[in-house]
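Listed here are the chains, written in short residue letters.
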Amino acid sequence: MLSIALAGKPNAGKSTFYKAATMADVDVGNYPFTTIDANRGVSHVRTDCPCLDREERCGDDNCHDGKRYVPVELIDVAGLVPGAHEGRGLGNQFLDELTNADVILNVVDASGGTDEEGEPVEVGEHDPVEDVHFVEEEMDLWLASIVSRNWESVERQSRSPDFDLDEALVDMLTGVGATELDVARTLRDLDYPDDPIAWTDDHREALAREIRRRTKPIVVVANKADIAPEGNVERLREAAERVVPATADGELALRKAAEAGVVGYDPGDPDFEIVGDLSDQQREGLERIREVMAEYGGTGVQQSMDTAVYDLLDHITAYPVQNDTKWTDGQGNVLPDAFLLPRSSTPKDLAYAVHSDIGDGYIHAVDARKGMRISDEEELEEGSVIKIVSDN
């Protein structure tokens, strides 16, 4: 399961985002370090279900009339403060929680209503643009400190005649989520001395920054967009490559209202329908949320997770089936499973995602949409429905 981590300074709205996205019961408070231990739960990314190409919807619990929700892990990390990489505010503990995340959502208070420490101030008093690169910088410096602490070991290994820098760095960096390919690509893009003993702090920091960029990419969530002063969201969009305006409070209100049966709403919808009785105050509150959704195309909570997985990580959704005609499993369930895979994945990659034994016994695959056997090297696409033939 892919892992998405929520990071940012205290009081930016991470726990509200987490609660809205998972509907888990967590503390939400207007004070620093509401979250001490990281919350871990299951949320979903949204895509179009292949059942839209059939006469009937699949009826899967994670499919809402063709809107398919694919599980991902969501981690709510406690608020980071300046100097976190040096341990300030238990920063090292919090940064360690990000180690296994595949992508980071940097939740920024777009309203400017919290200062750099996360303390409440008047809305508009703090410039949220200052918070855009804050998480990135703290993670880079934290990773640089890990590299520096372990560099003496690399220097000792370099005295061996069969020393390989790539292998030494892979050994060091697998603990922070780097793969052999990440290390190889990083070294290819950097200028550095052949002898590790000649490396400077600048070389090690450049290595750390590039590894972080490759292994922990970041989407900025411009939270509290509903109360942000005019121009703040646009300036945030100019300050970062990927920015999603959001109102976590609005999403949480909608999910609770949908759960209570008073609105018709699926996460990620651009609008909602009032279907139950509401007080004037409740209706007024929902209409304010509707105005923000109209401006930004939704509440931004679902959109930010979708952006992280499908755009930034460039993943696709593939659906394994046993019956390539009916698109069912052995029990007759239509499209029962969905797997997130990196783009360019093959049928054999999907087989291993289902189970290692299925991958080990892989024989061939059938494209259920086309009704034909496909090459083992064919790249799967978003919405691929695949029958895997295996001797296991």
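Cut-off values and rules
- Residues numbered from 1 in each chain as written.
- Predicted model: local features only at pLDDT ≥ 70, side-chain atom pairs only at ≥ 80, totals over all residues.
- Heavy atoms only, no water.
- Buried < 20%, exposed > 50% of the residue type's maximum accessible area, 1.4 Å probe, protein only.
- Helix = DSSP H or I, 4+ residues; strand = E, 2+ residues; numbered from the N terminus.
- Arc of directions from axis to C-beta.
- Contact = heavy atoms within 4.5 Å.
- Core = buried A, V, L, I, M, F, W, Y, C linked by side-chain atoms within 4.5 Å.
- Pairing = 2+ DSSP bridges.
- Axes fitted to C-alpha atoms, helices over the stretch in contact; angles between N-to-C directions.
- Salt bridge = Lys/Arg side-chain N within 4 Å of Asp/Glu carboxyl O.
- Patch = residues over 30% accessible without salt bridge, like charges linked within 9 Å, V, L, I, M, F, W, Y side chains within 5 Å.
- Areas by Shrake-Rupley, 256 points an atom, 1.4 Å probe, with all protein chains shown as cover.
- Lys, Arg positive; Asp, Glu negative; His and termini not counted.
- Charge placed at Lys NZ, Arg CZ, Asp CG, Glu CD.
- Expected span 1.5 Å × (residues − 1).
- Phe/Tyr/Trp six-rings, centres within 6.5 Å; stacked < 30°, edge-to-face > 60°.

Enquirer: Account for helix α7 (residues 232-239), with residues named and values stated.
Expert: Three or more residues of α7 are buried, namely Asn 232, Val 233 and Leu 236. For α7, the buried positions fall inside an angular range of 95° around the axis, keeping them on one side. Contacts from the buried residues of α7 go to β5 (103-109), β6 (218-223), β7 (243-245) and α9 (280-296).

Enquirer: Explain the side chain of Asp 140 residue by residue, including any values.
Expert: Relative to the assigned elements, Asp 140 resides in helix α3 (residues 134-157). Setting aside residues no more than four positions away along its own chain, Asp 140 makes contact with Ala 208, Arg 209 and Arg 212.

Enquirer: Can you explain the nonpolar core? Please cite residues and give values.
Expert: If you look at the biggest cluster of nonpolar residues, it comprises 38 residues, and the most contacted ones within it are Phe 17, Leu 105 and Leu 335. Only β1 (3-7), α1 (14-22), β4 (67-76), β5, β6, α10 (301-312) and β10 (315-321) provide two or more residues apiece to this core. Counting residues per element, this core draws most heavily on α10, at six residues. Other than its neighbours up to four places away in sequence, Leu 105 contacts Ile 4, Ala 5, Leu 6, Ala 7, Phe 17, Val 219, Val 221, Ser 304, Met 305 and Ala 308. In terms of nonpolar packing, the next biggest core, distinct from the first, is built from 36 residues, Ile 75, Ala 101, Ile 104 and Ala 178 among them.

Enquirer: Talk me through the sheet that holds strand β14 (residues 384-390); I want residue IDs and the actual numbers.
Expert: Sheet strands associate in pairs through backbone hydrogen bonding, adopting either a parallel or an antiparallel arrangement. What the five strands build is an open sheet, ordered β11-β10-β14-β12-β13; its pairing is mixed. Looking at strand neighbours, the two that pair on one side only are β11 (339-342) and β13 (372-374), the edges of this open sheet. Here the average twist between neighbouring strands, direction ignored, is 45°. In this sheet, β13 lies alongside strand β12 (residues 362-367) in antiparallel orientation, the contact comprising three bridges. If you follow Asp 367 over to β13, its bridge partner there is Met 372. Across the sheet, α10 touches β10 and β11, and the angle it forms with β10 is around 85°.

Enquirer: Tell me about the environment of Leu 95, and please be specific about residues and values.
Expert: Looking at where Leu 95 falls in the secondary structure, it is placed in helix α2 (residues 91-96). A sequence separation of 44 residues divides Leu 95 from Met 139, and the C-alpha atoms of the two residues are 6.9 Å apart.

Enquirer: Just give me the short version of the environment of Ala 12, but keep the residues and values in it.
Expert: Inspection of the secondary structure puts Ala 12 in the loop between β1 and α1. A relative accessible area of 0% means that Ala 12 is categorised as buried. As a C-alpha pair, Ala 12 and Gly 113 span 101 residues in sequence and 8.9 Å in three-dimensional space. Not counting residues within four places of it along the chain, the set of residues in contact with Ala 12 comprises Val 107, Val 108, Asp 109, Asn 223 and Lys 224.

Enquirer: Requested: an account of the pattern of salt bridges, with residues and values cited.
Expert: With the rule as written, the count across this model stands at 28 salt bridges. Here Arg 212 makes a salt bridge to Glu 136, at a shortest N to O gap of 3.8 Å. You can see Arg 212 sitting in helix α6 (residues 201-215) and its partner Glu 136 sitting in helix α3, a full 76 residues away along the chain. A relative accessible area of 26% means that Glu 136 is categorised as partly exposed. With a closest N to O distance of 3.1 Å, Glu 137 and Arg 209 form a salt bridge.

Enquirer: So what's going on with a negative patch on the surface? Residues and values would help.
Expert: Taken together, the side chains of Asp 162, Asp 164, Glu 167, Asp 171 and Glu 180 present a region of like negative charge at the surface. Accessibility expressed as a relative area gives 60% for Asp 171, which makes it exposed.

Enquirer: Kindly report on α10, identifying the contributing residues and their values.
Expert: The end-to-end C-alpha distance of α10 is 16 Å, a good match for the 16 Å that 12 residues give at a rise of 1.5 Å each. Within α10, 11 of the 12 residues are buried, leaving the element largely enclosed by the surrounding structure. Every buried residue belonging to α10 is among Val 301, Gln 302, Gln 303, Ser 304, Met 305, Asp 306, Thr 307, Ala 308, Val 309, Tyr 310 and Leu 312, and all of these are buried. Phi turns positive one or two residues past the end of α10, at Asp 314, with a value near 55°.

Enquirer: Can you break down the packing of aromatic side chains residue by residue, with the values?
Expert: Taken as a whole, this structure holds two aromatic pairs when the rule is applied. Considering the side-chain rings of Trp 151 and Trp 199, the 4.6 Å spacing of their centres and the 35° angle between planes classify their relative orientation as tilted. Taken together, the residues span a long stretch of sequence, with Trp 151 in helix α3 and Trp 199 in the loop between α5 (180-189) and α6 at a distance of 48 residues. Each member of the pair, Trp 151 as well as Trp 199, carries the same accessibility label: buried. Ring centres of Tyr 192 and Trp 199 lie 5.3 Å apart, and the angle between their planes is 45°; on these two criteria the pair is classed as tilted. Note on Tyr 192: relative accessible area 28%, which makes it partly exposed. Since its relative accessible area comes to 5%, Trp 199 is described here as buried.

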